[in-house]
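Listed here are the chains, written in short residue letters.
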Amino acid sequence: MDKPLSKRRRAYIALMRALMTLSFLITAALAVFMVAYVLAKGLPSITWELLSTKPSYLEDRIGILPDILNTIYIVIATLAVVLPLGVGAAIYLTEYARNKRVVAMIEYAAETLSGIPSIIYGFVGMLFFCTYFGLGTSIMAGALTLVIMNLPTVMRTTQESLKTVPQSYREGAFGLGAGRWRVIRTVVLPGCVDGIITGCILSVGRILGESAALLYTAGFAHVLHGFFEGLGSAGATLTVAMYVYAKEDGEFQVAFAIASILMLLTVLVNLSATLVAKYYKKRRNI
Amino acid sequence: MKQKSKQIFEKVIHGFFLILGLITVGLVLLITVYLVVSGIPGIVNIGFFDFIFGKQWASTAAEPSFGILPFILTSIYGTAGALVVGVPVGFFTAVYLAKFAKSRTKELVGAAVSLLAGIPSVVYGLVGMMVLVPGIRKVFGLPDGASLLAAMIVLAVMILPSIIKVSLTALEAVPREYEDASLALGATPVETCFRVSVPAAKSGIAAAVVLGVGRAIGEAMAVIMVSGNAPNMPSLFQSVRFLTTAVSSEMSYATTGSLQSQALFSIALVLFFFILLINAALNYFLKRSREG
């Protein structure tokens, strides 16, 4: 009953299978190669001295402590601004907005923002925050630029989790006589914590990896500062420092050391995003 | 009385959230206005045709010329090259993951793809600089390996994750019944996949490709590290400069108000124009794929 497939069909199937296997192997090999190569080149150069000092010409030493601190400052400053804005915008879209046109307009704007390349953000950030607002080249200017970049991300993740808060919860609270604000504060916000956390993690990932938007807004100084002093002064994040060490200074060992740190952080960010998603999915199902 | 003050309170809160919601719209307008206002003077002063179709960029020469055709063409060729390499690999990987991979493999490779997506672009640039550029120099016997080819390969790797992820989502959304019908008619799983599932997901796959185009044309840091950055007309084995890198490479030393800095602003505007076109195309395909 089963007639063997014609030669042409068998050839087609074999070809497609071969192409799929080949592509799949290329993708997997690329990921393995990137991680293995960067870690192998970089991890051996990571020393305590590198992590805990600042660069010094006198002692002919390179340290990345200022860059680590700058990265932490910029993450904190960016999140502090982008979270209220993004979460608030998401709440407006899901809880308040009744006009379909307004919703469509806001969503289209968010999509446009997420499609703009980071070099354009860096350019506008430089003109707007550094020059027009007179912040100069500073961590604060860099952080504000990153706020615009990450706004769509935080908005989207919050919005998605707000949609999973059952309508009946809201109706129950309204039925008990709560006003809209009270419902948002006590019912809606607690329900979208996972979206906010995911938005945070994704934003941190993007901030860690960003360079083009920061090069001309936050600059590339390696000076040690405290938090508030640091916000007002120029400073390189790890990623920017890696670029400068590799491209301008030819310090490839340091560049690879930073690259391997960034690689580990990327793994960490991805892992925690997955874990958070899994944890909340489980909790929702119960 | 109390009722009334509560109403006012709710109105104030509503207004507050409305403002937060409209911030994104304001930001898009702000960016657009800023780019247009700062980009127009350069184009006007240089002359539209001399600017867009001028073949020579010599911004610091005694008699400077500001033609950005080399940058535009390099960006287009570079993106096209990245697509030629990246799209087939990404497409076939996505099909494999969506329809044939075991769930364990799928999870592992999915994580690997997310990792590739998360690696900072400067790290790609660094690896390209240390592995790809010397490799190209040796294989083709060139004086310097920093070239359009190196940039194409780095870009191909960088757009791979977006292409895989978006195509995967589209392929997984294909209704099971389509495939069952095809299988019941005697088509093998591979034939079903490529003759039924893939055509059904074509809008989503197109969106994936357009997203890749956007990524490739907007990428700056990785490209600046491997392309050599000389403003030549594009040629596979020569040092080239992209639209993105043209903006960033002279920004630090252009004097404010000079024709050179005006020209840089205009390049940013041209780049923005390309991105808006790509975004429009992306929205079109995404909408079509959502509507099925």
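So, here is what we can say about the structure in this document. Since we're looking at a predicted model, the values are computed, not measured.

### Re the overall build of chain B
Line of reasoning, step 1. Regarding its fold elements, chain B presents 12 helices and two strands.
Line of reasoning, step 2. Listing every helix and strand of chain B by position from the N terminus yields α-α-β-β-α-α-α-α-α-α-α-α-α-α.
Line of reasoning, step 3. Against the compact-globule benchmark of 19 Å for 292 residues, chain B has a radius of gyration of 24 Å, which places it well outside the compact range.
Line of reasoning, step 4. A principal-axis box enclosing the C-alpha atoms of chain B has dimensions of 80 × 75 × 35 Å.
Line of reasoning, step 5. Across the 292 residues in chain B, those meeting the buried criterion constitute 54%.
Line of reasoning, step 6. Taking the intrachain contacts of chain B between residues at least 6 apart in sequence as the baseline, contacts between residues at least 24 apart amount to 71%.
Line of reasoning, step 7. In the form shown here, chain B has an accessible surface area of approximately 13100 Å², with 67% of it arising from carbon and sulfur atoms.
Line of reasoning, step 8. Looking at chain B, you have 20 positive and 13 negative side-chain charges, and the mean spots of the two groups are 7 Å apart.

### Focus on the environment of A:Ser211
Line of reasoning, step 1. Mapped onto the elements, A:Ser211 comes out in the loop between helix 9 (193-209) and helix 10 (212-215).
Line of reasoning, step 2. On the accessibility criterion, A:Ser211 (2% relative accessible area) is buried.
Line of reasoning, step 3. Taking the C-alpha atoms as reference points, A:Ser211 and A:Ala236, separated by 25 residues in sequence, lie 9.2 Å from one another.
Line of reasoning, step 4. In this structure, A:Ser211 is in contact with A:Thr239, A:Val240, B:Ser121, B:Val122 and B:Met221, ignoring residues within four places of it in sequence.

### Quick look at a nonpolar patch on the surface
Line of reasoning, step 1. A cluster of nonpolar residues, B:Val139, B:Phe140, B:Leu236 and B:Phe237, forms a patch on the protein surface that exposes about 360 Å² of accessible area.
Line of reasoning, step 2. Of note, B:Phe237 is situated in the loop between helix 10 (221-226) and helix 11 (243-251).

### What about helix 4 (residues 103-118) of chain B?
Residues and elements named next belong to chain B.
Line of reasoning, step 1. For helix 4, spanning 16 residues, the distance from its first C-alpha to its last is 22 Å, which sits close to the expected 22 Å at 1.5 Å a residue.
Line of reasoning, step 2. All of the buried residues in helix 4 are Val109, Val113, Leu115 and Leu116. Considered in projection along helix 4, the buried side chains sweep an arc of 155° and stay on one side of the axis. Of the exposed residues in helix 4, the ones pointing more than 90 degrees away from its buried face are Ser103 and Arg104.

### Points about the side chain of A:Thr239
Line of reasoning, step 1. Inspection of the secondary structure assignment puts A:Thr239 in helix 12 (residues 238-248).
Line of reasoning, step 2. The exposure class assigned to A:Thr239 is buried, which follows from its relative accessible area of 1%.

### With respect to helix 6 (residues 148-172) of chain B
All names here are of chain B.
Line of reasoning, step 1. With 25 residues, helix 6 should reach 36 Å at 1.5 Å per residue; the first-to-last C-alpha distance of 35 Å fits that figure.
Line of reasoning, step 2. The sharpest bend along helix 6 comes to roughly 35°, located at Ile159, with the proline Pro161 sitting one to four residues further on.
Line of reasoning, step 3. Across the 25 residues of helix 6, 20 count as buried, placing the element largely inside the fold.

### Quick look at the packing of helix 3 (residues 69-100) of chain B against helix 6 of chain B
All names here are of chain B.
Line of reasoning, step 1. As a packed pair, helix 3 and helix 6 sit with axes 6 Å apart at the nearest point and diverge in direction by 40°. The hand of the helix 3/helix 6 crossing is right-handed.
Line of reasoning, step 2. Its residues assigned to classes, the contact of helix 3 with helix 6 comprises 21 nonpolar, seven polar and two charged.

### Structural notes on the interface of chain B and chain A
Line of reasoning, step 1. Contacts between the two partners involve 77 residues from chain B, matched on the other side by 74 residues from chain A.
Line of reasoning, step 2. In total, about 6800 Å² of surface goes out of reach between chain B and chain A, with carbon and sulfur atoms giving 82% of it.
Line of reasoning, step 3. Here chain B and chain A share one salt bridge between them.
Line of reasoning, step 4. The closest approach of N and O atoms between A:Arg9 and B:Glu191, which form a salt bridge, is 2.7 Å.
Line of reasoning, step 5. Put simply, chain B and chain A have eight residue pairs in polar contact (both at pLDDT 80 or more) between them.
Line of reasoning, step 6. The leading source of residues in the side of chain B that touches chain A is helix 1 (residues 2-46) of chain B, at 20 residues.
Line of reasoning, step 7. Considering only residue class, the side of chain B that touches chain A consists of 55 nonpolar, 17 polar and five charged.

### Section: the pattern of salt bridges
Line of reasoning, step 1. Across all of its chains, the model carries seven salt bridges over all chains by this definition.
Line of reasoning, step 2. One salt bridge in this structure joins A:Glu95 and A:Arg170, with 2.8 Å as the shortest N-O distance. Taken as a pair, A:Glu95 in helix 3 (residues 65-96) and A:Arg170 in helix 7 (residues 167-175) lie far apart in primary sequence, 75 residues in all.
Line of reasoning, step 3. A:Glu95 sits in the buried class, given a relative accessible area of 4%.
Line of reasoning, step 4. Classification of A:Arg170 by relative accessible area gives buried; the value is 6%.
Line of reasoning, step 5. B:Glu179 is the partner of B:Lys99 in a salt bridge, and the nearest nitrogen-oxygen pair spans 2.9 Å. Pair noted here: B:Lys99 is in helix 3 and B:Glu179 is in helix 7 (residues 176-184), with a separation of 80 residues, a long-range link.

### Here we look at the nonpolar core
Line of reasoning, step 1. A:Met242, B:Ile68, B:Phe194 and B:Ile267 are the most contacted members of the largest nonpolar core, which has 190 residues in total.
Line of reasoning, step 2. The dominant element in this core, judged by the number of residues it contributes, is helix 6 of chain B, at 17 residues.
Line of reasoning, step 3. Structurally, this core is a two-domain feature, drawing no fewer than three residues from each of domain 1 (1-30) and domain 2 (50-285) of chain A.
Line of reasoning, step 4. Those residues in contact with B:Ile68, other than ones at most four positions away along the chain, are B:Phe51, B:Ile52, B:Gly54, B:Trp57, B:Leu243, B:Ile267 and B:Val270.

### Examining unusual backbone geometry
Line of reasoning, step 1. Unlike most non-glycine residues, B:Asn229 shows phi in positive territory, near 70°.
Line of reasoning, step 2. The topology assignment puts B:Asn229 in the loop between helix 10 and helix 11.

### Thoughts on the packing of aromatic side chains
Line of reasoning, step 1. Under the defined criterion, the tally for this structure stands at 26 aromatic pairs over all chains.
Line of reasoning, step 2. Summarising the aromatic geometry, the rings of A:Tyr279 and A:Tyr280 are spaced 5.2 Å apart at their centres and angled 90° between planes, so their arrangement reads as edge-to-face.
Line of reasoning, step 3. Classification of A:Tyr279 as partly exposed rests on a relative accessible area of 47%.
Line of reasoning, step 4. An angle of 45° between the planes, with centres 5.8 Å apart, marks the rings of B:Phe92 and B:Phe194 as tilted. Taken as a pair, B:Phe92 in helix 3 and B:Phe194 in helix 8 (residues 189-200) lie far apart in primary sequence, 102 residues in all. The burial state of B:Phe92 is the same as that of B:Phe194; both residues are buried.
Line of reasoning, step 5. Each member of the aromatic cluster is reached from another via a ring pair, and the members are A:Tyr92, A:Tyr96, A:Trp181, B:Phe16 and B:Phe17.
Line of reasoning, step 6. Positioned above the aromatic ring of B:Phe100, the side-chain terminus of A:Arg17 is 5.3 Å from the ring centre.
Line of reasoning, step 7. The lysine or arginine in question, A:Arg180, covers the ring of A:Tyr96, its NZ or CZ lying 5.7 Å from the ring centre.

What counts and what doesn't
Residues numbered from 1 in each chain as written. Chains lettered and ligands numbered in written order. Predicted model: local features only at pLDDT ≥ 70, side-chain atom pairs only at ≥ 80, totals over all residues. Heavy atoms only, no water. Helix = DSSP H or I, 4+ residues; strand = E, 2+ residues; numbered from the N terminus. Rg over C-alpha atoms; globule rule 2.2 N^0.38 Å. Buried < 20%, exposed > 50% of the residue type's maximum accessible area, 1.4 Å probe, protein only. Contact = heavy atoms within 4.5 Å. Areas by Shrake-Rupley, 256 points an atom, 1.4 Å probe, with all protein chains shown as cover. Lys, Arg positive; Asp, Glu negative; His and termini not counted. Charge placed at Lys NZ, Arg CZ, Asp CG, Glu CD. Patch = residues over 30% accessible without salt bridge, like charges linked within 9 Å, V, L, I, M, F, W, Y side chains within 5 Å. Salt bridge = Lys/Arg side-chain N within 4 Å of Asp/Glu carboxyl O. Expected span 1.5 Å × (residues − 1). Arc of directions from axis to C-beta. Bend = angle between axes of the 7 residues up to and from the residue. Axes fitted to C-alpha atoms, helices over the stretch in contact; angles between N-to-C directions. Left-handed = near helix turned anticlockwise from the far one by under 90°. Nonpolar A, V, L, I, M, F, W, Y, C, P; charged D, E, K, R; others polar. Buried area = accessible area lost by both parts, 1.4 Å probe. Polar contact = N/O pair within 3.5 Å; in protein donor to acceptor, adjacent residues only side chain to side chain. Core = buried A, V, L, I, M, F, W, Y, C linked by side-chain atoms within 4.5 Å. Domains from an automatic or database assignment. Phe/Tyr/Trp six-rings, centres within 6.5 Å; stacked < 30°, edge-to-face > 60°. Lys NZ or Arg CZ within 6 Å of the ring centre and 35° of its normal.

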